[in-house]
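These are the residues of each chain, in order.
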Amino acid sequence: MESRKLGDLEVSAQGLGCMGMSEFYGQGDDAESIATIHRAIDLGVTLLDTADMYGIGANEELVGRAIRDRRDQVVLATKFGFVRDPKDPSVRGVRGDAAYVREAVDKSLARLGVDHIDLYYQHRVDPNVPIEETVGAMAELVQAGKVRHLGLSEAGPETIRRAYAVHPIAALQTEWSLWSRDIEDEIVPVCRELGVGVVAYSPLGRGFLTGRFTSTDSFGEDDFRVAGQPRFSEENLAKNQAIVEALKAVAAARGVTAGQLALAWVQHRGQDVVPIPGTKRRKYLEENVAAAQLELTADDLAAIEAAVPVDAVAGARYPEAGLRMVGK
């Protein structure tokens, strides 16, 4: 797999999102998840993405076990900032104060079983703490050797500028896919002006753009998509099905799956863009990795965007509470 740059950090052109291995997308299987991580590394995927809030630490522990004998083959990314109540994990806040930054990194290092984190993100901006304090504390982690590169997640243009003035930011992690394109007008231009790479999470529209989900009955128990994500309500899901059918028609003409076409579209947003499709199964991993080799012509891109018009999606990408935490 080819490499791309996030700031001056070199990573594979496609990464692996590990969140769903531990929470949010139904029951997990640790053995299959670890096998999926190992297969990703074998296929040339170097960027592994986790966070301290996924499974309330369980996902970092899982990733740590998976890479124990191959640490030097991966670029390890994790995130801090969400604070969850262990008694009621649905209750969450955000912290970005300096003391919490120092506390969070040490806990992540212990769970991961490593002596440094390659890319450390603030998961969400804390509205009650100046970004200068948060990034200043993160910069101290770089000086201490605990962290190599810094990142932000779902930050707005002004926050990115202010953060970068304190310490170089290697990457902004944000949702970007055919049905989530709101970052293109303001956020992406600021990232490119500053040389900040873009790590695109949910590049497959939380799996919807693969065509595997046709109704709310398609999802397993404990799947957060149908539990409160507006685009996955029964009504919106039915409306959005037309998008997938149009995308599948374009994909069939190319001899690929709808998911591969949607993922290749994100790959073609620029050499500074690295999508991190998430999966906990090897068969979907291999399908995703194959999309990194798919070349799209200008005609292909036009056909894809005609199939999925930018304003055609029914429903917001997060519930109201989640939307209040993005683009800040």
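If you're wondering where the values come from, they're calculated on a predicted model, not measured in any experiment.

## A look at the overall build of the chain
The helix and strand tally for the chain stands at 12 helices and 12 strands. Over its C-alpha trace the chain gives a radius of gyration of 19 Å, about what one expects of a compact globule, namely 20 Å for 328 residues. With the C-alpha coordinates of the chain rotated into their principal frame, the extents come out at 55 × 40 × 40 Å. The buried share of the chain, reckoned over its 328 residues, is 58%. Sequence-distant contacts, at least 24 apart, represent 76% of the contacts inside the chain between residues at least 6 apart. Of the roughly 13300 Å² of accessible surface on the chain, a fraction of 49% belongs to carbon and sulfur atoms. Distance between charge centroids for the chain: 2 Å, based on 37 positive and 49 negative side chains.

## Comments concerning unusual backbone geometry
Within the chain, Glu 154 stands out as a residue other than glycine whose phi angle is a positive 55°. Mapped onto the elements of the fold, Glu 154 is located in the loop between strand E9 (147-153) and helix H5 (157-166). On the accessibility criterion, Glu 154 (3% relative accessible area) is buried. In this model, Arg 206 sits at a positive phi of 55°, which is unusual for a non-glycine residue. Among the secondary structure elements, Arg 206 is positioned in the loop between strand E11 (197-201) and helix H7 (224-228). For Arg 206, a relative accessible area of 7% puts it in the buried group.

## Considering the nonpolar core
Counting residues in each nonpolar core, the largest one holds 80 residues, and the members touching the most others are Leu 16, Ile 37, Leu 152, Leu 247 and Leu 261. Here Leu 16 is in contact with Met 21, Thr 36, Ile 37, Ala 40, Val 45, Leu 47, Leu 48, Asp 49, Ile 276, Pro 277, Thr 279 and Leu 285, once residues within four sequence places are set aside. If you look at the next biggest cluster of nonpolar residues, it comprises 16 residues, including Tyr 121, Ala 170, Ala 171 and Val 199.

## So, the environment of Gly 156
Relative to the elements of secondary structure, Gly 156 occurs in the loop between E9 and H5. Under the relative-accessibility criterion, Gly 156 is labelled buried at 2%. Along the chain, Gly 156 and Val 326 lie 170 residues apart, while their C-alpha atoms are 7.4 Å from each other. If we ignore the near neighbours within four places in the chain, the residues touching Gly 156 are Gly 327 and Lys 328.

## A closer look at the pairing of strand E10 (residues 171-175)
For E10, the tally of buried residues reaches 5 of 5 residues, placing the bulk of the element in the interior. Going residue by residue along E10, you find Ala 171, Gln 173 and Glu 175 tucked away on one face and Leu 172 and Thr 174 tucked away on the opposite face as well. Pairing geometry for E9 and E10, over 3 bridges, is parallel. Counterpart to Leu 152 in the pairing with E10 is Leu 172. In this view, the connection linking E9 to its parallel neighbour E10 by way of H5 has right-handed handedness. As paired elements, E10 and E11 share 5 bridges and run parallel to each other.

## Looking at the layout of surface pockets
Reported here for the second largest pocket is a volume of approximately 220 Å³. Together, 13 residues line the second largest pocket, and Asp 52, Ile 56, Phe 82, Tyr 100 and Arg 111 are the ones closest to its centre. Breaking the lining of the second largest pocket down by element, the ones donating at least two residues are strand E6 (82-85) and helix H3 (98-112). The residue inventory of the lining of the second largest pocket, partitioned by class, reads 7 nonpolar, 1 polar and 5 charged.

Conventions we followed
Residues numbered from 1 in each chain as written. Predicted model: local features only at pLDDT ≥ 70, side-chain atom pairs only at ≥ 80, totals over all residues. Heavy atoms only, no water. Helix = DSSP H or I, 4+ residues; strand = E, 2+ residues; numbered from the N terminus. Rg over C-alpha atoms; globule rule 2.2 N^0.38 Å. Buried < 20%, exposed > 50% of the residue type's maximum accessible area, 1.4 Å probe, protein only. Contact = heavy atoms within 4.5 Å. Areas by Shrake-Rupley, 256 points an atom, 1.4 Å probe, with all protein chains shown as cover. Lys, Arg positive; Asp, Glu negative; His and termini not counted. Charge placed at Lys NZ, Arg CZ, Asp CG, Glu CD. Core = buried A, V, L, I, M, F, W, Y, C linked by side-chain atoms within 4.5 Å. Pairing = 2+ DSSP bridges. Right-handed = clockwise from strand over helix to strand, strands pointing away. 1 Å grid on protein atoms, 1.4 Å probe; cavity = no way out; pocket = protein on both sides within 12 Å on 5 of 7 lines; lining within 4 Å. Points joined across faces, edges and corners; volume = space filled by probe spheres on them. Nonpolar A, V, L, I, M, F, W, Y, C, P; charged D, E, K, R; others polar.

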